[in-house]
Amino acid sequence: MPLTLKDIARMAGVAESTVSRAINNKPGVGEETRKKIMEIVRQYNYQPNQLARGLAIKETRMLALIVADLSPADYQIIKSIEAYANEQGYNCLICNTDNNLQKEEAYLQLLSSRRVDGAVIIGGDLANINIINTALNKNGLMVLVNCLAEELLIPTVLVDNAQGGYLAASHLLQQGLKKIAIVMGSSKEFLESEKLAGYLQALAEYGLEVEERYILETDGSREGGYEGFIRLLEQGDLPEAFFVTRDILAVGLIDAIKMGGYLIPEDFSIVGYGESIISSVINPPLTVVAEPLEELGRYAAKYIIEVINGRNPEEMIKVLEPVLKIGESSVSRTE
Amino acid sequence: MAKVTLTNVTKRFGDVVAVNNANLEIKDKEFLILVGPSGCGKTTTLRMVAGLEEITEGTIEIGDTVVNDVPPKDRDIAMVFQNYALYPHMDVYNNMAFGLKLRKFPKEEIDRRVNEAAEILGIKNLLDRKPKQLSGGQRQRVALGRAIVREPKVFLMDEPLSNLDAKLRVQMRTELSKLHDRLQTTMIYVTHDQVEAMTMGDRIVVMRDGLIQQVDSPLNLYNNPVNMFVAGFIGSPAMNFLDAKLVKEGETYYLEGNGDFKIAIPADKVATNPEIKSYVGKDVVFGIRPEDLEDAAVVEKPVTDDNSYMATVEVVEPMGSEIYLYLTANEHSMIARVDSHSTAKVGDNVKLYVNTSNLHVFDAETELAIL
Ligand SMILES: Nc1ncnc2c1ncn2[C@@H]1O[C@H](COP(=O)(O)OP(=O)(O)OP(=O)(O)O)[C@@H](O)[C@H]1O
Ligand SMILES: [Mg+2]
């Protein structure tokens, strides 16, 4: 593990900023203190590269934004990162890897060869070994967004999707609805399983039994949403409300509901997930769990710039909560 | 579960030889410790086993497979570092399970593995807690659990305890040893803390400047260091090294310290290490651990001219059950861990008793142990 500025600061009994200045050979550090700090640096001999960053290699004022699979939500996050970074005097390089490991490795090289000062890794679920190794071995300075790491603590900004599922189901429950179905992708997908967990938690808090038939796992497509409704219709046991975990699933589900001659929200209340172009064209306007994409981007940018400047973010793992944006699809029938 | 074999493994970073021709066989289910000063190549060795670092020369095998070209994800290893991420919004179960979930393991399999790991770690009752409701030790166990659920063949740990406070560290050392007993998995553990090294592993590898110095059990390393580096690195306070000449009078071999001391080497030691005879008249280094030097005034052993010498007390440091004396005898300086009954004061000229059955002699040139 590379020694952090914090460690050195603790050992030398000085502020982190002092250590940073000493290492970067900037003014404002007493000779004795500088000596003491550099002695610790030498003694621990931790990763001269990291130190060389400040000493020998020029800042590029450039950030790499490495995206696993550029989704509309990622696009919003990137815009937000860029806006904040620009304000702070950094430019951004957008690198789309298409989930391709070779492409990703090439982009991570930007970091290890110091052609960028830091990187924000966006999406991809689980930080793979390339990312871990770059963070660990090559002293790559990075922040993860919506991406988990098993081995290592890397500054991370995340959305609590279980909270999103909880918000959606609670909103429906609060209106007195009890028979609430969840239409989702595969529960084997982590994100989907989180939303399901939130939904289940809300039901449990309202003392409701889980009805297995109301948990509709689909392939996550428009057809999946459509067929989900047909399945329930054939069972002859329709719920009062739906929580749909993806915008495209919602499109299919709502198609089927309308085909059946039912009305939204009179016959069925619906809550969707994610503010996207797709959900914005659904009629009636969909109530959605909105991920705080702008905030996510802002934190990511703030964190990476802090890390580049040798400071640890105040919370290494920042978990943001989604919010419910109420449209017309979930207004209670009784109103 | 698997053995790990390093054959002539070298790693260079440009001009820096981080690991120099390492040969090492780590047995199946062994708990092996890599120890040595900062920069000696411990982490690099571990990273080559993990596949995070290319091997410049040589081969590494896990089980019977050469893994030089096997990508890290296919090596069946799990790594544990000092800094691990516990996600504050996830409960303990999910903090252990998310990796398996993201790899799309079947739910039943995840359940089985997480429950087993929690059982082993004694955190079954904590599975639905959030990290902020856990103590430091419990958090560390969750991080270990995350590695355990992957059911790796080999665990690689790089100073996993170095972030913990002293008390927790002691507790986690014991826990990790117990964990190893229960898991019966090969573990390679890097530390530069010699106490950790001496108390946790089956065998210890001492490294210096990229070179493996000695691979041995903790006891053997302590009692029979192969060179001055190992002798000085293991043990605290460190072994005393006193410049001396080997002389022979009659049938007895002596370590003669420029008039400051003249200590007889026990005959049985000479008999088992006859090569020492070739050093007569040559410079050697007399090595003696602080606990093998006693205040002759309070020792209940026969004190003779052959097993004692005079020295001046410079500093007295009471340590509870014993006292550390810092002494000099002309240009020689040394530390003695003496009985707490000793009344030696600063400035006193005291007689030091040498427990000669534990003395060491090193070649002054090569620094290798002669006996
Ligand atoms: N990526 C790298 N590039 C260049 N040199 C490196 C790199 N990684 C390690 N080294 C050098 O290789 C040598 C061994 O480093 P290594 O990290 O293995 O030491 P260590 O024994 O783990 O030390 P510590 O106890 O400080 O962690 C050191 O001289 C180090 O500076
Ligand atoms: Mg190391």
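Residues numbered from 1 in each chain as written. Chains lettered and ligands numbered in written order. Predicted model: local features only at pLDDT ≥ 70, side-chain atom pairs only at ≥ 80, totals over all residues. Heavy atoms only, no water.

**Examining the overall build of chain B**
Here is step 1: Across its full length, chain B holds nine helices and 20 strands.
Here is step 2: By principal-axis analysis of the C-alpha atoms, chain B measures approximately 80 × 45 × 35 Å.
Here is step 3: Per-residue burial for chain B yields a buried fraction of 55% across its 371 residues.
Here is step 4: For chain B, long-range pairs separated by at least 24 residues make up 66% of all intrachain contacts whose partners lie at least 6 apart in sequence.
Here is step 5: Of the roughly 16,000 Å² of accessible surface on chain B, 47% is carried by carbon and sulfur atoms.
Here is step 6: For chain B, the distance from the average position of its 42 positive side-chain charges to the average position of its 54 negative side-chain charges is 10 Å. (Helix = DSSP H or I, 4+ residues; strand = E, 2+ residues; numbered from the N terminus. Buried < 20%, exposed > 50% of the residue type's maximum accessible area, 1.4 Å probe, protein only. Contact = heavy atoms within 4.5 Å. Areas by Shrake-Rupley, 256 points an atom, 1.4 Å probe, with all protein chains shown as cover. Lys, Arg positive; Asp, Glu negative; His and termini not counted. Charge placed at Lys NZ, Arg CZ, Asp CG, Glu CD.)

**Looking at the packing of helix 5 (residues 72-87) of chain A against helix 13 (residues 293-308) of chain A**
All names here are of chain A.
Here is step 1: Contact pair helix 5 / helix 13: the axes reach a minimum separation of 7 Å and the direction vectors enclose 45°. Judged by the angle between their axes, helix 5 and helix 13 are oblique. Helix-helix and strand crossings are classified by hand; for helix 5 and helix 13 the assignment is right-handed. Contacts between helix 5 and helix 13 involve Ala73, Gln76, Ile77, Ser80, Ile81, Tyr84 and Ala85 from the first element and Leu293, Glu294, Leu296, Gly297, Arg298, Ala300, Ala301, Lys302 and Ile305 from the second.
Here is step 2: Among the residues making up the contact of helix 5 with helix 13, the classes are represented as 10 nonpolar, three polar and three charged. (Axes fitted to C-alpha atoms, helices over the stretch in contact; angles between N-to-C directions. Parallel < 35°, antiparallel > 145°, perpendicular 65-115°, else oblique. Left-handed = near helix turned anticlockwise from the far one by under 90°. Nonpolar A, V, L, I, M, F, W, Y, C, P; charged D, E, K, R; others polar.)

**Regarding helix 6 (residues 101-112) of chain A**
Residue and element names in this part refer to chain A.
Here is step 1: Look at helix 6: 16 Å from first C-alpha to last across 12 residues, which is about the 16 Å you get at 1.5 Å a residue.
Here is step 2: Listed in full, the buried residues belonging to helix 6 are Glu104, Leu108, Leu110 and Leu111. All buried residues of helix 6 fall inside an arc of 130° around its axis, so they share one side.
Here is step 3: Where helix 6 is buried, its residues meet strand 1 (62-67), strand 2 (91-96), strand 3 (118-126), helix 7 (129-136) and strand 4 (142-148).
Here is step 4: Where helix 6 begins, the capping side chain belongs to Asn100, and its oxygen is found 2.8 Å from the backbone nitrogen of Gln102.
Here is step 5: Once helix 6 ends, the next one or two residues include Arg114, with phi positive near 65°. (Expected span 1.5 Å × (residues − 1). Arc of directions from axis to C-beta. Polar contact = N/O pair within 3.5 Å; in protein donor to acceptor, adjacent residues only side chain to side chain.)

**Digging into the confidence of the model for chain A**
Here is step 1: Looking at chain A, the pLDDT average stands at 88 and 90% of residues meet or exceed 70.
Here is step 2: Here residues 48-56 of chain A scores under 50 on pLDDT; set against residues more than four positions off or in separate chains, the count is 15 contacts. (pLDDT = per-residue confidence, 0-100.)

**Concerning the packing of aromatic side chains**
Here is step 1: One pass over the structure, following the stated rule, counts 13 aromatic pairs over all chains.
Here is step 2: When the centroid spacing of 5.9 Å and the interplanar angle of 75° are considered together, the rings of Phe229 of chain A and Tyr262 of chain A count as edge-to-face. Of this pair, Phe229 of chain A sits in helix 10 (residues 222-235) while Tyr262 of chain A is found in the loop between helix 11 (247-259) and strand 9 (269-273), placing the two residues 33 residues apart along the sequence.
Here is step 3: For Phe229 of chain A, a relative accessible area of 1% translates into the label buried.
Here is step 4: In this structure Tyr262 of chain A comes out as partly exposed when scored by relative accessible area, which is 27%.
Here is step 5: Pairing Tyr87 of chain B with Phe98 of chain B gives two aromatic rings, centres 5.4 Å apart and planes at 85°, and the pair type is edge-to-face. With Tyr87 of chain B in the loop between strand 6 (77-81) and helix 2 (92-102) and Phe98 of chain B in helix 2, this residue pair connects regions lying 11 residues apart in the sequence. (Phe/Tyr/Trp six-rings, centres within 6.5 Å; stacked < 30°, edge-to-face > 60°.)

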